[in-house]
Amino acid sequence: MYKLEEIEMFASLSESNLKELYDQTHMKQYSKDSIVFYEGDESKYLHILLDGSIKLYKTTPKGTQIQINRLGAPAMIGEYACFENQPFPATCEFLTDGTMGLLPFDFVYKHLNNSAFSLEIIKSLTGKVSLLSALVHKETVLSSEAKVADLMMQKLPLFHRLKNNEIASMLNLTPETFSRILTKFKKEGIISVKNQKVIVEHEEALYTIVETNTIKDCTNCIAHFKEQIGYKE
């Protein structure tokens, strides 16, 4: 488990301030699948993920989860809601057993005159804005095939350690749609699966899928690739 002083935001605090930080932070243990807070809940605490990993998601009126992000320790959660005195815009749920530190936001306000401390808060907030921008792009622009191709390019190891339904949830796809796309990728020779691990056989095709937002335009580049390596059916 991470210690509070190992988090960059608190690294510049003096010994006396660190003692105050520990005195005011309530450590809470969570088991896997536990809800830290629901969308719409209010809080006066800054949530600090010290151990484990969580997911943040919104829920549609029909009950469908739209996953926003997954975070591993250490991480700050809910800064915007606290700063703006607004309800949490998403639900936070543990993916593993873990520990959350709850720090009264009064402590944060008290130390905003510390430039290093404030800079880390700003960096955390701007990072969340960047993530939100990427989510909007993914959900409004990318096709289902492009979502899968993009994740393969960016985070292929996820396909080795997570179950298909977990990856589908990350991409806000149904397990059936995700499975159908993997089958399509294998049929086109873009990927192969050996010993339950996804192997990218044609990375250029993945780039083409993301750029063109469709798998149809990959036919030519795949044919060209097979010709280059002397592939025979």
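To keep things clear, this report deals only with the structure shown in the data block.

Procedures and definitions
Residue positions within a chain follow its written sequence, with the count starting from 1. Selection of residues for local features in this predicted model requires a pLDDT of at least 70, selection of side-chain atom pairs for listing and counting requires 80 or more, and totals for whole chains, interfaces and linings are taken over all residues. Values shown for side chains rest on all heavy atoms present in the structure; no hydrogens or waters enter the calculation. By salt bridge we mean one thing: a side-chain nitrogen of Lys or Arg within 4 Å of a carboxyl oxygen of Asp or Glu. Note on conventions: DSSP H or I runs of at least 4 residues are helices, E runs of at least 2 residues are strands, and numbering of each starts at the N terminus. A pair of strands is considered paired only if DSSP assigns at least 2 bridges between the two. In this analysis, axes come from line fits to C-alpha atoms, helices being fitted only over the stretch in contact, and the angle between any two N-to-C directions falls in the range 0 to 180 degrees. Relative accessibility decides the category of a residue: with a 1.4 Å probe and only protein chains considered, values under 20% of the type maximum give buried, values over 50% give exposed, and everything between is partly exposed. Whenever a nitrogen or oxygen atom comes within 3.5 Å of another N or O atom, the pair is scored as a polar contact, on the condition that within protein one atom can donate a hydrogen and the other can accept it, and that pairs from neighbouring residues in sequence are kept only if both atoms are in side chains. Contacts are assigned to residue pairs with any non-hydrogen atoms lying within 4.5 Å of each other.

## Focus on the pattern of salt bridges
Here is step 1: Inspection of every chain in the model, using the stated rule, returns 4 salt bridges.
Here is step 2: With a shortest N-O distance of 2.9 Å, Lys110 and Glu20 are connected by a salt bridge. In this pair, Lys110 is assigned in helix α4 (residues 105–110) and Glu20 in helix α2 (residues 15–24), connecting sequence segments 90 residues apart.

## A short note on the sheet that holds strand β2 (residues 35–37)
Here is step 1: With respect to topology, 4 strands assemble into an open sheet ordered β2-β7-β4-β5, the strand pairing being antiparallel. If you trace the sheet from one side to the other, it starts and ends with β2 and β5 (65–72), each paired once. Between one strand and the next, the sheet's axes are offset by a mean angle of 30°, whatever the strand orientation.

## So, unusual backbone geometry
Here is step 1: The step from Ala73 to Pro74 runs through a cis peptide bond, and the omega angle for that step is -5°.
Here is step 2: In this structure, Pro74 sits in the loop between β5 and β6 (75–77).
Here is step 3: Residues other than glycine seldom take positive phi values, yet Asn172 does so here, at roughly 55°.
Here is step 4: The phi angle at Asn213 is positive, at roughly 65°, despite the residue not being glycine.
Here is step 5: Mapped onto the elements of the fold, Asn213 is located in the loop between α10 (203–212) and α11 (218–228).

## Examining the side chain of Thr25
Here is step 1: For Thr25, the position within the fold is in the loop between α2 and β1 (26–30).
Here is step 2: Here Thr25 falls in the buried class, since its relative accessible area comes to 8%.
Here is step 3: Within polar-contact distance, the side chain of Thr25 engages the backbone oxygen of Leu21 at 2.7 Å.

## Digging into the environment of Phe159
Here is step 1: Within the secondary structure layout, Phe159 lies in helix α7 (residues 158–161).
Here is step 2: Overall, the relative accessible area of 5% leaves Phe159 in the buried class.
Here is step 3: The spacing of Phe159 and Lys197 is 38 residues in sequence and 7.1 Å in space, taken between C-alpha atoms.
Here is step 4: Phe159 has contacts with Val148, Leu151, Met152, Ile167, Phe178, Leu182 and Val198, leaving out every residue within four places of it along the chain.

This is a description of form; function is not addressed.
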